[in-house]
Amino acid sequence: MLTRPLLALALCLTVGASQAALVDLSAEQTQTSSAQLMSFTFTGLGTGAASNGSFSMKVLGDYNSDQPNETITSVTVDGTLVGSNLGPGQNNVNLLSETQDIYAEWDFASLIDQPDLEAMLADGQIVIQVQIGVNSGVFAPGTDTGYDRDPYVAVALSYTSDDNAVPVPATGALALAGLAALARTRRRPAGLSGRAQA
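Residues numbered from 1 in each chain as written. Predicted model: local features only at pLDDT ≥ 70, side-chain atom pairs only at ≥ 80, totals over all residues. Heavy atoms only, no water.

Draft legend 1. The overall build of the protein, seen in detail. When its secondary structure is counted, the protein shows 4 helices and 9 strands. Considering only intrachain contacts with a sequence separation of at least 6, the fraction spanning at least 24 residues in the protein is 79%. Taken as a whole, the protein presents about 11000 Å² of accessible surface, with 54% of it coming from carbon and sulfur. (Helix = DSSP H or I, 4+ residues; strand = E, 2+ residues; numbered from the N terminus. Contact = heavy atoms within 4.5 Å. Areas by Shrake-Rupley, 256 points an atom, 1.4 Å probe, with all protein chains shown as cover.)

Draft legend 2. Main features of the packing of aromatic side chains. Tallying each qualifying case throughout the model produces 2 aromatic pairs. With 5.4 Å between their ring centres and 70° between their planes, Tyr103 and Phe139 make a pair best called edge-to-face. Of this pair, Tyr103 sits in the loop between strand 6 (93–98) and strand 7 (104–112) while Phe139 sits in the loop between strand 8 (126–132) and strand 9 (152–167); the two residues are 36 residues apart in sequence, bridging distant segments of the chain. Just above the ring of Tyr152 sits the side chain of Arg149; from NZ or CZ to the centre is 3.9 Å. (Phe/Tyr/Trp six-rings, centres within 6.5 Å; stacked < 30°, edge-to-face > 60°. Lys NZ or Arg CZ within 6 Å of the ring centre and 35° of its normal.)

Draft legend 3. How the structure looks around the nonpolar core. In terms of nonpolar packing, the biggest core is built from 32 residues, with Phe55, Met57, Ile72, Trp106, Val130 and Val153 touching the most fellow members. Look past the residues within four positions of Trp106 in its chain and what remains in contact with it is Met57, Lys58, Val59, Tyr63, Ile72, Leu86, Gly87, Pro88, Val93, Asn94, Leu95 and Leu96. Among the nonpolar cores identified, the runner-up in size contains 6 residues, and Leu60, Ile102, Tyr103 and Tyr152 belong to it. (Core = buried A, V, L, I, M, F, W, Y, C linked by side-chain atoms within 4.5 Å. Buried < 20%, exposed > 50% of the residue type's maximum accessible area, 1.4 Å probe, protein only.)

In structure tokens:
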């Protein structure tokens with residue numbers, strides 16, 4: 001009988017399979033004032049994570065290595081603090097370039113543990129908030145900052161999704177039901193089959 005191996009295969013496909021994919025979230029905002037709170041919201045996300053999350057942020061603005069009070073005071077991902085008092089010369093900050101006493105460009109990276117990331121994804125969205133400090137201002141238009149663009153903050157979060165709430169869907173269940181029906185019709189005598197159609 002072919003039914004037992006085929007049913008087992010269909011069951012394995014239904015139970016074991018899930019949708020997994022690399023997710024890359026990114027967005028950028030222009031800084032328009034000191035003490036600005038930037039909020040980046042990503043919606044429509046799956047609720048599972050199969051890996052740690054890799055968070056990164058790239059910044060251009062009024063942050064100088066000789067001015068430790070020019071910082072981004074906090075960065076949160078869904079309310080979880082991932083960085084504080086960030087700027088050139090601070091821990092985990094990589095200075096990319098700098099003009100004397102005006103602007104600096106730098107980046108920052110942090111890992112988010114998989115269990116924490118799953119908790120953040122429970123509602124299907126991620127909110128990243130960046131609080132710019134009161135001492136990191138915006139220079140007037142026309143000021144030679146050494147850069148040909150406005151100050152900005154760019155954020156990114158990447159991880160591998162594993163949304164077990166959406167298994168490889170009803171196809172497995174439908175295949176299982178179809179195989180069971182096929183097995184029943186093959187075992188049924190021809191006479192019974194003729195009467196059932198009448």
